[in-house]
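# Coordinates in review
If you want the building blocks of each chain, they are given just below.
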Amino acid sequence: MFKDKLSKIARRMFYIVFAVIISVALWFYVEITENEMLPHVISDIEIVLINEDILRDRLLLADVITEPLTLGFEASRADINRLAAPGAITVEVDMSTINSTGFVELIYSVVWPIGFNPNNIEGISWSTDRIRIDVDRLAEQQIEVRSSYDGGTAADDLYATEPELDPNTITVSGPESIVSRIKYAYVPILRENLDATLVDELEFILIDENDEIFEHDQLELLSFNHELIRVVVPIRQIKTVPLLPNFSFGSSTSEENVIWNIEPSPVVTISGDPEVINLIGHIPLPTIDLNDFTDLTFSEVFTIPFPNYVTNASGELEATVHIQLTGLELEVISTPNVQVINVPYGYSFVRLTQSVDITLRGTAEELAEITPMNLRVFADISDLSAGTSRVLARVAIDGLDVNVDAVGDYHIFVRLFADE
């Protein structure tokens, strides 16, 4: 048993010594390989321009012609890993020394990672030791924004009007050699079969003097006061609707007595927003008071009252309503029954009109029942002042229940004077 314990202790000591030997060997290996100088190449090192604001104050712009730099070197594995990180190394070029246009070559300074000692690397080799720059004059220009819509509509009674653009001009700034070639900005509208007004914020493209699109790399050199254009493509509906007159009939007339027609056309064509157009079934004309006319056939001319937000698509501005009253007759009766009412306090009057000829309209049977004494003409003189006045009068038919109208306007003359 004692021998077994010695054997276990010996094996354990062996494993411990073996592990120490392996650890020391690995440590030596890492030290040797970690500090070994290895070759490496870093490409696409960014070129940073500094003091560009000073260049712009001089109305100049810089465009780097030199490709991104490549750096070759030898360094330890740790330093290589640190330098190879994206953006770890950049180079800076000072723009403040530039005063004129043309091509210039400038030296650059290397920006190493913070805390890194460039003396740790060997065999440094750059792809170039100077940066070639194209310097152009800074220009600013206001250009027109254009657009068009050719995508059609979803129905035959719909149509699209010209796109509305906001803004309709933009300011472009950049190299004079590029800005001077810009003809206009164009907004493509990639939609079809619209059934309602389109409102969107869209990008634009630039068109040059040869009506060709500017390349993307040229656009990168430009700046704009607007990146998006608000585009409205109005969709309008066209519709034909009737004109309908309104009538004030009076006692003697009704719809059955009235025959009418409208010239030049009983219908008009309108256009507008579909939501508005769909609510319009007809266009009402102003009311025609049939008692204003002393004939059985007459006409009234109206300016067509198109609703707000609607366009007159057919072009008619006026409508003439021709009216014929059927089944009725006219009769003129003179009555001496002329009165005044509401005489102002402190005044007396003299009625200068002794009788009035009244034009009556109704059926022949009812007109035959009326005598001069059934007619009463009266005028309200409450608003008169001293002197002679022509006063609008009204007509009443007393003592009879008939559907007869006194048509037309009637006036009487009255002299008003203050009491002594």
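Scroll up to find the structure.
What comes next is a walk through the structure. (Residues numbered from 1 in each chain as written. Predicted model: local features only at pLDDT ≥ 70, side-chain atom pairs only at ≥ 80, totals over all residues. Heavy atoms only, no water.)

### With respect to the pairing of strand β29 (residues 387-397)
- Of the pairings in the sheet, the one linking strand β28 (residues 375-380) to β29 comprises four bridges and is antiparallel in character. Along β29, the bridge assignment pairs Arg376 with Ala396.
- Hairpin geometry of β28 and β29 is characterised by an intervening segment of six residues between the two adjacent antiparallel strands. (Pairing = 2+ DSSP bridges. Helix = DSSP H or I, 4+ residues; strand = E, 2+ residues; numbered from the N terminus.)

### A few points about the packing of aromatic side chains
- Tallying each qualifying case throughout the model produces five aromatic pairs.
- A ring pair is formed by Tyr108 and Trp126, whose centres lie 5.8 Å apart and whose planes are at 70 degrees; its orientation type is edge-to-face. Highlighted residues: Tyr108 in the loop between β5 (102-106) and β6 (109-111) and Trp126 in strand β7 (residues 122-126), separated in sequence by 18 residues.
- Aromatic pair Phe247 and Phe249: ring centres 5.9 Å apart, planes at 40 degrees, arrangement tilted.
- For Arg146, the ring lying beneath its charged end belongs to Tyr184, and the centroid distance is 4.0 Å. (Phe/Tyr/Trp six-rings, centres within 6.5 Å; stacked < 30°, edge-to-face > 60°. Lys NZ or Arg CZ within 6 Å of the ring centre and 35° of its normal.)

### Points about the environment of Glu331
- Position of Glu331 among the secondary structure elements: in strand β24 (residues 329-335).
- Distance from Glu331 to Leu367, taken between C-alpha atoms, is 7.2 Å for residues 36 residues apart in sequence.
- Excluding residues that lie within four positions of it along the chain, Glu331 makes contacts with Ile358, Thr359, Leu360 and Leu367. (Contact = heavy atoms within 4.5 Å.)

### Quick look at the pairing of strand β4 (residues 90-94)
- Two elements, strand β1 (residues 38-50) and β4, share five bridges in a ladder whose sense is parallel. Across the sheet, Ile50 pairs through a bridge with Asp94, a residue of β4.

### Some points on the environment of Asp63
- Here Asp63 is to be found in strand β2 (residues 60-64).
- Overall, the relative accessible area of 28% leaves Asp63 in the partly exposed class.
- When the C-alpha atoms of Asp63 and Arg132 are compared, they prove to be 8.8 Å apart, with 69 residues separating the residues in sequence.
- In this structure, Asp63 is in contact with Arg132, Ile133, Asp134 and Leu221, ignoring residues within four places of it in sequence. (Buried < 20%, exposed > 50% of the residue type's maximum accessible area, 1.4 Å probe, protein only.)

### Remarks on unusual backbone geometry
- A cis geometry characterises the amide bond from Asp166 onward to Pro167, with omega recorded as 0 degrees.
- Tracing the chain through its elements places Pro167 in the loop between β10 (164-166) and β11 (169-175).
- Cis peptide bonds are those with omega within 30 degrees of zero, and the linkage from Glu263 to Pro264 qualifies with 5 degrees.
- In this structure, Pro264 sits in the loop between β18 (258-263) and β19 (267-272).
- For Asp44, which is not glycine, the phi torsion reads 55 degrees and is therefore positive.
- By the element assignment, Asp44 lies in strand β1.
- Unlike most non-glycine residues, Asn342 shows phi in positive territory, near 60 degrees.
- With respect to the helices and strands, Asn342 occurs in the loop between β25 (338-341) and β26 (347-351).

### Observations regarding the sheet that holds strand β16 (residues 229-233)
- As summarised here, the arrangement of the three strands in space is β10-β16-β13, forming an open sheet in which the pairing is antiparallel. Edge strands, defined here as strands with exactly one partner in the open sheet, are β10 and β13 (198-202). Averaged over neighbouring strand pairs, the angle between their axes works out to 20 degrees when direction is ignored.
- In this structure, β10 lies alongside β16, joined through three bridges in antiparallel fashion. In the strand pairing of β16, Leu165 is matched with Val231. (Axes fitted to C-alpha atoms, helices over the stretch in contact; angles between N-to-C directions.)

### So, the pattern of salt bridges
- The tally for this structure, following the rule as stated, stands at seven salt bridges.
- Across the pair Glu144 and Arg146 runs a salt bridge whose closest N-O atoms are separated by 3.2 Å. (Salt bridge = Lys/Arg side-chain N within 4 Å of Asp/Glu carboxyl O.)

### As for the side chain of Ser271
- Within the secondary structure, Ser271 sits in strand β19.
- We classify Ser271 as buried; its relative accessible area is 2%.

### What about the side chain of Thr153?
- Residue position: Thr153 is located in the loop between β8 (131-147) and β9 (158-160).
- For Thr153, the side chain forms a polar contact with the main-chain oxygen of Ala155, separated by 3.0 Å. (Polar contact = N/O pair within 3.5 Å; in protein donor to acceptor, adjacent residues only side chain to side chain.)

### Remarks on a nonpolar patch on the surface
- On the surface, a cluster of nonpolar side chains totalling about 310 Å² of accessible area is made up of Val350, Leu352, Phe413 and Phe417.
- Mapped onto the secondary structure, Val350 falls in strand β26. (Patch = residues over 30% accessible without salt bridge, like charges linked within 9 Å, V, L, I, M, F, W, Y side chains within 5 Å. Areas by Shrake-Rupley, 256 points an atom, 1.4 Å probe, with all protein chains shown as cover.)

### Examining the sheet that holds strand β27 (residues 356-362)
- The strand order across the open sheet formed by three strands is β24-β27-β30, and the pairing between neighbours is antiparallel. Two strands lie at the open edges of the sheet, namely β24 and β30 (405-406), each paired on one side alone.

### A short note on the environment of Ser125
- Positionally, Ser125 belongs in strand β7.
- Spatially, the C-alpha atom of Ser125 lies 6.3 Å from that of Phe73, the residues being 52 residues apart in sequence.
- Once residues lying within four places of it in the same chain are set aside, the contact partners of Ser125 are Thr70, Leu71 and Gly72.

Geometric values such as these leave the question of function open.
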